[in-house]
Amino acid sequence: MSESMLNMWISFAGMGFLILAVGLIVLSRHKLKGFLSIVVSFFAYVSLFLGGIIILYIVFSGPTI
């Protein structure tokens, strides 16, 4: 697998983490209450952080040939 294809799959994982974070944050704020809401929002913010770090890596790694 070439470096470009690997970067593509890594960026898809980053976008997946960001989409998961949005869904979990909406779920925890509108549908859940109490301790379960805190746990789900913690996982949401962790996945938001991971997705952001992955996308930052892809953007700043530069173009691949």
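Quick notes on the rules
- Residues numbered from 1 in each chain as written.
- Predicted model: local features only at pLDDT ≥ 70, side-chain atom pairs only at ≥ 80, totals over all residues.
- Heavy atoms only, no water.
- Helix = DSSP H or I, 4+ residues; strand = E, 2+ residues; numbered from the N terminus.
- Expected span 1.5 Å × (residues − 1).
- Buried < 20%, exposed > 50% of the residue type's maximum accessible area, 1.4 Å probe, protein only.
- Contact = heavy atoms within 4.5 Å.
- Phe/Tyr/Trp six-rings, centres within 6.5 Å; stacked < 30°, edge-to-face > 60°.
- Axes fitted to C-alpha atoms, helices over the stretch in contact; angles between N-to-C directions.
- Parallel < 35°, antiparallel > 145°, perpendicular 65-115°, else oblique.
- Left-handed = near helix turned anticlockwise from the far one by under 90°.
- Nonpolar A, V, L, I, M, F, W, Y, C, P; charged D, E, K, R; others polar.

**Comments concerning helix 2 (residues 35-60)**
Taking 1.5 Å per residue as the helical rise, helix 2 with its 26 residues ought to reach 38 Å, and the 38 Å between its terminal C-alpha atoms agrees with that figure. Taken together, the buried positions of helix 2 are Ser37, Val40, Ser41, Ala44, Ser47, Gly51 and Ile58. Looking at the packing, one finds that the buried side of helix 2 touches helix 1 (3-30). With its phi angle positive at about 85 degrees, Gly62 sits one or two positions after the end of helix 2.

**A few points about the packing of aromatic side chains**
Per the stated rule, a full pass over the model turns up two aromatic pairs. Ring plane angle 80 degrees and centroid distance 5.6 Å describe the contact between Trp9 and Phe12, whose orientation is recorded as edge-to-face. Here Trp9 pairs with Phe12, and both are found in helix 1, just three residues apart, close to one helical turn. Looking at Trp9, the relative accessible area reads 48%, which means it is partly exposed.

**Some thoughts on the packing of helix 1 against helix 2**
Between helix 1 and helix 2, the least distance of the axes is 7 Å, while the angle of their chain directions is 155 degrees. Classified by the interaxial angle, the pair formed by helix 1 and helix 2 is roughly antiparallel. Both helix 1 and helix 2 take part in a crossing whose hand is left-handed. Broken down by class, the residue content of the contact of helix 1 with helix 2 amounts to 19 nonpolar, nine polar and one charged.

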